[in-house]
Amino acid sequence: MVTKLTSIVLVLSLLSVCNLYAGESVDFNRDIRSILSNNCFHCHGPDDEELQGGLRLDVRESATGESDSGTAIVPGNPDESLLIERILAEDDDERMPPA
């Protein structure tokens, strides 16, 4: 239950930032980085020893680039973004962040 609640809060946080700046362009460093830092960077951040799945979410080119699993973030298209799919996944093995 806690993991599902954490996932829901993460998605709502990301969506609320997007809505907040609907009339403006969303800036990764200003709007998104802190959300990812608090929830994702431990495994998908700048520490090469902790990096999981070869995915860095702290670098735009990596976060929006093609990987073996797909594209984590598709700008302007959350339905195609693997990040949203993983946050909302029902399967505990697929859901991010992990318990």
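Conventions used here
Residues numbered from 1 in each chain as written. Predicted model: local features only at pLDDT ≥ 70, side-chain atom pairs only at ≥ 80, totals over all residues. Heavy atoms only, no water. Helix = DSSP H or I, 4+ residues; strand = E, 2+ residues; numbered from the N terminus. Buried < 20%, exposed > 50% of the residue type's maximum accessible area, 1.4 Å probe, protein only. Polar contact = N/O pair within 3.5 Å; in protein donor to acceptor, adjacent residues only side chain to side chain. Contact = heavy atoms within 4.5 Å. Core = buried A, V, L, I, M, F, W, Y, C linked by side-chain atoms within 4.5 Å. Patch = residues over 30% accessible without salt bridge, like charges linked within 9 Å, V, L, I, M, F, W, Y side chains within 5 Å. Areas by Shrake-Rupley, 256 points an atom, 1.4 Å probe, with all protein chains shown as cover. Salt bridge = Lys/Arg side-chain N within 4 Å of Asp/Glu carboxyl O. Lys, Arg positive; Asp, Glu negative; His and termini not counted. Charge placed at Lys NZ, Arg CZ, Asp CG, Glu CD.

1. Digging into the side chain of Thr 71
Here is step 1: Along the chain, Thr 71 turns up in the loop between α4 (60-63) and α5 (82-88).
Here is step 2: Residue Thr 71 is classed as buried on the basis of its relative accessible area, which comes to 14%.
Here is step 3: Engagement of the side chain of Thr 71 in a polar contact is seen with the side chain of Glu 66, the distance being 2.8 Å.
Here is step 4: When near neighbours in sequence (up to four residues on either side) are disregarded, Thr 71 contacts Ala 63, Thr 64, Gly 65, Glu 66, Glu 80, Ser 81 and Leu 82.

2. What about the nonpolar core?
Here is step 1: Counting residues in hydrophobic clusters, the biggest one holds 16 residues, and the most contacted among them are Leu 10, Leu 14, Ile 32, Leu 36, Leu 57, Leu 83 and Ile 87.
Here is step 2: For this core, the elements supplying multiple residues, two or more each, are α1 (2-20), α2 (28-39) and α5.
Here is step 3: A per-element tally of this core places α2 first, with 4 residues.
Here is step 4: Apart from the residues lying within four places of it in its own chain, the contact partners of Leu 14 are Ile 32, Ile 35, Leu 83, Ile 84 and Ile 87.

3. So, a negative patch on the surface
Here is step 1: Where like charges cluster on the molecular surface, the negative patch consists of Asp 47, Asp 48, Glu 49 and Glu 50.
Here is step 2: Mapped onto the elements, Asp 47 comes out in the loop between α3 (41-44) and α4.

4. Some remarks on the pattern of salt bridges
Here is step 1: A complete count under the given rule lists 3 salt bridges for this structure.
Here is step 2: Of the charged contacts, one joins Arg 86 and Glu 94 as a salt bridge, the two residues approaching to 3.3 Å between their closest N and O atoms.
Here is step 3: When its relative accessible area of 22% is taken as the criterion, Arg 86 is described as partly exposed.
Here is step 4: Among the residues examined, Glu 94 registers a relative accessible area of 35% and is labelled partly exposed.
Here is step 5: Ionic pairing is found between Arg 95 and Asp 92, a salt bridge with its closest N-O pair at 2.9 Å.
Here is step 6: Judged by relative accessible area, which is 9%, Arg 95 ranks as buried.

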